[in-house]
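Descriptive structure summary
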Amino acid sequence: MKFKFPHIYLLLFTLCIWIGSTSSSMAQVVVSNSIDSLQLLIGEQTKLHFKVTAPKGKKVIFPVLNDSTVKGLEILETYPIDTNKVADQWTLTQSYLVTSFDSAVYIIPSLPIKVDGVDYATNPLALKVITVPVDTTQYDAFYGPADVHNMPHEWTDYLIMILCFPVALILIGLVIYLLTRYTKNKPIIRIIKKTPPLPPYDVAMEQIKALKKESTTEDTKRYYTELIDILRTYLQKRFGFDAPEMTTAEIISELQRIEDPIEINHLKSLLETADLVKFAKYATQINEDDRNLMTAVTFIDSTKVETAGEAQAAIIEEVVVTGRSAKRQRWLLVVIIALSLVAVATIGVGISEVIDLLF
């Protein structure tokens, strides 16, 4: 069988290219680890680094370190992964802060780092932790215990003691004063003048005069509203039924039992006119407002209660107040108790300072 040499050369050339590309691809992933200090004193800290250089886009999984990875070596902090991209390559670094409190040589074993599912082993590292050296051969260089010395006193050492007793005396005096006031709560006599209320007739007539003086009939609704309110209030005070909360029909029905039907008819006409103005926008005729006002005045005047003599004089009453209120007395007692406690505490501090000074 004859082989054609050109075909063999082509096959060998393709195989070389494939082997070269595979080895090149494998060589692009570089894994390393390092430690900042190879020797530490007990309690000192150092950083452990794991570094991977790989083509951009490859998935890298670093080993997870904890206190059980190397017995006696403590992981204080795990830092975020640091990424540095250059062209089509990126470098990822995972760092740990470690320490130890036992002197020994710790071996950090080879740990796997996965890059696209392929494990790359790191190199083992050694960390030596040593104790602080103590020179026990020259103990004469160290001084022994010193003798007891009496420290000189300054005036500031007596300041608290000097202040405590005068402050305590002031507080005790204040407590005695307040306690005297608390126990001698004498009644206070006050004279109060009371003026009797005006009769319903006088109040209504004063309000009608004010309405006539300040109101114009341009705002008819407001005019009749105020006039009817005056009448309703007068009826309530004069006859004793709740006129402000009653309808016109209810008011008339109530008055028919106790008053002259003629006067009631005039009042009924006034109340009905007011209802029309307020609720039906009724427009009154010329002079109708004055006539209704006179109707109200006539009704009030005809139903007033005659009073003997002039307006009653002011009534003078003597009111006896039994001293301060109970609330003020309670507050005064609370203040007395609080000041007493502060005074006792101040005396106690002063006595303790004297004892410390003497003994």
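The structure under discussion appears in the preceding block.
Notes on the structure follow. Just so it is clear, the model here is predicted, and its values are computed rather than measured. (Residues numbered from 1 in each chain as written. Predicted model: local features only at pLDDT ≥ 70, side-chain atom pairs only at ≥ 80, totals over all residues. Heavy atoms only, no water.)

For the rest of this paragraph, the subject is the pairing of strand E7 (residues 89-99). With ten of eleven residues buried, E7 lies mostly within the body of the structure. Bridge count for strand E3 (residues 45-55) against E7 is eleven bridges, and the pairing is antiparallel. Bridge assignment links Val52 to a residue of E7, and that residue is Leu92. Bridge analysis of strand E5 (residues 74-78) against E7 gives four bridges, and the strand direction is antiparallel. Counterpart to Ile75 in the pairing with E7 is Val98. Examined bridge by bridge, strand E6 (residues 82-86) and E7 share five bridges and lie antiparallel to one another. Residue pairing for E7: Thr83 is matched across the bridge by Leu92. Linkage of E6 to E7, two consecutive antiparallel strands, is achieved through a turn of two residues, within which Ala87 is found at a positive phi near 55°. (Buried < 20%, exposed > 50% of the residue type's maximum accessible area, 1.4 Å probe, protein only. Helix = DSSP H or I, 4+ residues; strand = E, 2+ residues; numbered from the N terminus. Pairing = 2+ DSSP bridges.)

Okay, the packing of aromatic side chains next. Within the structure shown, the criterion is met by three aromatic pairs. Ring plane angle 85° and centroid distance 6.1 Å describe the contact between Phe50 and Tyr96, whose orientation is recorded as edge-to-face. Of this pair, Phe50 sits in strand E3 while Tyr96 is found in strand E7, placing the two residues 46 residues apart along the sequence. Owing to a relative accessible area of 1%, Phe50 belongs among the buried residues under this scheme. By relative accessible area, which is 3% here, Tyr96 ends up buried. Considering the side-chain rings of Tyr223 and Tyr224, the 5.5 Å spacing of their centres and the 85° angle between planes classify their relative orientation as edge-to-face. Its relative accessible area of 5% is what places Tyr223 among the buried residues. Directly above the aromatic system of Tyr79 lies the positively charged group of Lys47, at a separation of 4.8 Å from the ring centroid. (Phe/Tyr/Trp six-rings, centres within 6.5 Å; stacked < 30°, edge-to-face > 60°. Lys NZ or Arg CZ within 6 Å of the ring centre and 35° of its normal.)

Looking now at helix H3 (residues 200-214). Its 15 residues place the ends of H3 21 Å apart at the C-alpha level, agreeing with the 21 Å of an ideal helix rising 1.5 Å per residue. Along H3, the residues classified as buried are Tyr201, Ala204, Met205, Ile208 and Leu211. In an axial view of H3, the angular spread of the buried residues amounts to 125°, which keeps them on one side of the axis. Residues of H3 that are exposed and point over 90 degrees away from its buried face: Lys209, Lys213 and Glu214. Structurally, H3 contributes buried residues whose contacts are with helix H4 (220-239) and helix H7 (288-302). (Expected span 1.5 Å × (residues − 1). Arc of directions from axis to C-beta. Contact = heavy atoms within 4.5 Å.)

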